[in-house]
Amino acid sequence: MLRNKFKKKYAILTNSWTNGLIAILLSLKLKKTDEIIIPACTFVACANVIEMIGARVVFADIDNSTKLMDINDCLKKITKNTKVIMPVHLYGNLFPTKILKKKIRKNILIVEDSAHAFCGEYNNSLIGKYSDFLVFSFYATKSITCGEGGAIITNHKNFSEKIRSISNNGMTKPAFKRFVNNKYIPWDVYQYGFKANLSD
């Protein structure tokens, strides 16, 4: 199981990395003035999603040797409006999230874009140890694939419940949990959402 592998409490399967990130950011209820820092060298979906949910994209420069986000430039870009930093593991290189975590405010969340780094290890530790969320892609070009698909791993119970609901049209229960032992279990819709759960 993904939770056991990555030593996290919650795992949510999604139909893509993109929709997984949209669900995460929607669960955070970000405002137009809220900022998310991403590396200047990454796939366009990172910036697209931030624009789609209505927050502000802030680009940090990249390290010349790794092509990953430069931590020092990232720190310079942090403002009172910074809510999320999204480092990207790319080209076989893993971002040193532990170093970033030690240097930022506790209320800034770290979302690791792990689309290209399923089961990556950094200094003998699996990725995700120092972040709030990991987002994986199982698209055809990735190392682990099911054609289309993604996953979110986290230890945040409150956010995981919101993400699970958002990725299922805002419903409190998926179809297979509405009947247990031939008994109907009531469900409701308390927030908007969209169809982002992984196909059966």
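Let me sum up the structure you'll find in this document. (Residues numbered from 1 in each chain as written. Predicted model: local features only at pLDDT ≥ 70, side-chain atom pairs only at ≥ 80, totals over all residues. Heavy atoms only, no water.)

1. Focus: the pairing of strand 4 (residues 82–85)
With 3 bridges connecting them, strand 2 (residues 35–39) and strand 4 associate as parallel partners. Considered in strand 4, the bridge of Ile 36 is made with Val 84. Two strands pair when backbone bridges link them, and strand 4 and strand 5 (residues 109–113) are joined in this way by 2 bridges, in the parallel orientation. When the bridges of strand 5 are listed, Ile 85 appears paired with Ile 110. Viewed along the sheet, the connection from strand 4 through helix 5 (residues 97–103) into strand 5 turns out right-handed. (Pairing = 2+ DSSP bridges. Helix = DSSP H or I, 4+ residues; strand = E, 2+ residues; numbered from the N terminus. Right-handed = clockwise from strand over helix to strand, strands pointing away.)

2. Details of helix 6 (residues 157–166)
Where helix 6 is concerned, the buried positions are Phe 159, Ser 160, Ile 163, Ser 165 and Ile 166. On the buried face of helix 6, the contacting elements are strand 1 (10–14), helix 2 (17–27), strand 5, strand 8 (133–137) and strand 9 (150–154). (Buried < 20%, exposed > 50% of the residue type's maximum accessible area, 1.4 Å probe, protein only. Contact = heavy atoms within 4.5 Å.)

3. Some words on the environment of Met 69
Structurally, Met 69 can be placed in the loop between strand 3 (56–60) and helix 4 (71–77). Separated by 72 residues in sequence, Met 69 and Thr 141 place their C-alpha atoms 22 Å apart. What Met 69 contacts, discounting residues up to four positions off in sequence, is Ile 37, Ile 38, Pro 39, Ala 60, Asp 61, Ile 62, Asp 63, Cys 74, Ile 85, Met 86, Pro 87 and Phe 95.

4. What about the layout of surface pockets?
Considered as a void within the structure, the largest pocket measures approximately 700 Å³ in volume. In terms of lining, the largest pocket is formed by 26 residues, of which the most central are Arg 164, Asn 168, Pro 174, Phe 176 and Asn 197. Surrounding the second largest pocket, 19 residues form its lining, Trp 17, Phe 43, Ala 115, Ser 137 and Lys 142 being those nearest its centre. The set of elements that each furnish at least two residues to the lining of the second largest pocket consists of helix 2 and helix 3 (44–53). Of the residues assigned to the lining of the second largest pocket, the class counts are 9 nonpolar, 7 polar and 3 charged. (1 Å grid on protein atoms, 1.4 Å probe; cavity = no way out; pocket = protein on both sides within 12 Å on 5 of 7 lines; lining within 4 Å. Points joined across faces, edges and corners; volume = space filled by probe spheres on them. Nonpolar A, V, L, I, M, F, W, Y, C, P; charged D, E, K, R; others polar.)

5. Concerning a nonpolar patch on the surface
A contiguous nonpolar patch, built from Phe 179, Tyr 184, Trp 187 and Val 189 and spanning about 420 Å² of accessible area, is present on the exposed surface. Along the chain, Phe 179 turns up in strand 10 (residues 179–180). Its relative accessible area of 54% is what places Phe 179 among the exposed residues. (Patch = residues over 30% accessible without salt bridge, like charges linked within 9 Å, V, L, I, M, F, W, Y side chains within 5 Å. Areas by Shrake-Rupley, 256 points an atom, 1.4 Å probe, with all protein chains shown as cover. Salt bridge = Lys/Arg side-chain N within 4 Å of Asp/Glu carboxyl O.)

6. Quick word on the side chain of Lys 8
Mapping Lys 8 onto the fold places it in the loop between helix 1 (2–6) and strand 1. Despite its burial, Lys 8 remains without a salt bridge, the nearest opposite charge being carried by Glu 112 at 6.7 Å. One polar contact links the side chain of Lys 8 to the main-chain carbonyl oxygen of Gly 128, over a distance of 2.7 Å. Within the structure, Lys 8 has its side chain in polar contact with the backbone oxygen of Ser 131 (distance 3.3 Å). Not counting residues within four places of it along the chain, the set of residues in contact with Lys 8 comprises Arg 3, Gly 128, Lys 129, Ser 131, Ile 153, Thr 154 and Asn 155. (Lys, Arg positive; Asp, Glu negative; His and termini not counted. Polar contact = N/O pair within 3.5 Å; in protein donor to acceptor, adjacent residues only side chain to side chain.)

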